[in-house]
Each structure stands twice: as structure tokens, then as C-alpha cells.
Amino acid sequence: YLLGRERAMPEDGQVLGRGHGDSELLFPKYTTAEVVATGQVTVNGKTLNLWTFNQLETLSQRVLRERANAIKDAVGEANCPAMPSSQPQ
């Protein structure tokens, strides 16, 4: 016996998740999140965008590498640690 089964059905009789195409409504493929930098900083004449951890944690490895390369170009390769390898160990 499952609790909650005593709930009334919606007026239209449709239960989300049980019909064709409902998965697209429950789990959208694309989101509408905005990618807006929280600020900017200028280092050695180059402007870098500032990002929050929440913005960065969802990015692909390729995009993260591009952001890291932008920082490396601004501060100089000699002032940065080695870039981690993308190869599994």
C-alpha cells in the first residue's frame, strides 16, 4: 500500500509522467539559465570575466580548458601551474 494514492485526480484526468511526451516536460533537454559573468578584472591589459562555482561546475571540459587558457594567457604561462591532463589515470 502506497501513501498518497488517496489524492484526487486532476480535473482533466491526466497525470504528468504517464503520457507520451511527458518526459520532455519533466526532464527538459535544454535549460534557460543565463550565462552572465559576475564581473570583470583586467590583468596585464587583458580583460577576464569572473564566474561563480555554480556557473563553472556545469560546463564541459573543453569550455573549462578555454577559460583556464584565457587566465594563463593573461598572467603568463610561467606564473601558472601545469594544466591537468584530461587522460584518465
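To keep things clear, this report deals only with the structure shown in the data block. (Residues numbered from 1 in each chain as written. Predicted model: local features only at pLDDT ≥ 70, side-chain atom pairs only at ≥ 80, totals over all residues. Heavy atoms only, no water.)

Some words on the overall build of the protein chain
Phase 1 of the analysis: Counting its regular elements, the protein chain contains three helices and two strands.
Phase 2 of the analysis: The secondary structure elements of the protein chain, listed N-terminal to C-terminal, are α-β-β-α-α.
Phase 3 of the analysis: Every one of the 89 residues in the protein chain was classed for burial, and the buried ones make up 7%.
Phase 4 of the analysis: About 8,300 Å² of surface is accessible on the protein chain, with carbon and sulfur atoms providing 54% of the total. (Helix = DSSP H or I, 4+ residues; strand = E, 2+ residues; numbered from the N terminus. Buried < 20%, exposed > 50% of the residue type's maximum accessible area, 1.4 Å probe, protein only. Areas by Shrake-Rupley, 256 points an atom, 1.4 Å probe, with all protein chains shown as cover.)

Section: the layout of surface pockets
Phase 1 of the analysis: What the second largest pocket holds in volume is close to 200 Å³.
Phase 2 of the analysis: Lining the second largest pocket we find Val 41, Leu 48, Asn 49, Leu 50, Trp 51, Leu 56, Leu 64, Glu 66, Arg 67, Ala 68, Ala 70 and Ile 71.
Phase 3 of the analysis: Tallying contributions element by element places helix 3 (residues 61–75) first for the lining of the second largest pocket, with six residues. (1 Å grid on protein atoms, 1.4 Å probe; cavity = no way out; pocket = protein on both sides within 12 Å on 5 of 7 lines; lining within 4 Å. Points joined across faces, edges and corners; volume = space filled by probe spheres on them.)

Brief notes about helix 3
Counting along an α-helix, one turn takes 3.6 residues, and residues three or four places apart therefore face a common direction.
Phase 1 of the analysis: With 15 residues, helix 3 extends 21 Å between its outermost C-alpha atoms, agreeing within 8% with the 21 Å of an ideal straight helix rising 1.5 Å per residue.
Phase 2 of the analysis: Positioned one or two residues after helix 3, Gly 76 has a phi angle of 100°, which is positive. (Expected span 1.5 Å × (residues − 1).)

Focus: the pairing of strand 1 (residues 39–43)
Phase 1 of the analysis: Of the pairings in the sheet, the one linking strand 1 to strand 2 (residues 46–50) comprises five bridges and is antiparallel in character. In the sheet register, Thr 42 faces strand 2, and the bridge partner there is Thr 47.
Phase 2 of the analysis: Between strand 1 and the antiparallel strand that follows it, strand 2, lie two residues; Asn 44 among them carries a positive phi value of about 50°. (Pairing = 2+ DSSP bridges.)

Examining the environment of Asn 79
Phase 1 of the analysis: Along the chain, Asn 79 turns up in the segment after helix 3.
Phase 2 of the analysis: Owing to a relative accessible area of 61%, Asn 79 belongs among the exposed residues under this scheme.
Phase 3 of the analysis: At 2.7 Å, the side chain of Asn 79 forms a polar contact with the backbone oxygen of Val 75. (Polar contact = N/O pair within 3.5 Å; in protein donor to acceptor, adjacent residues only side chain to side chain.)

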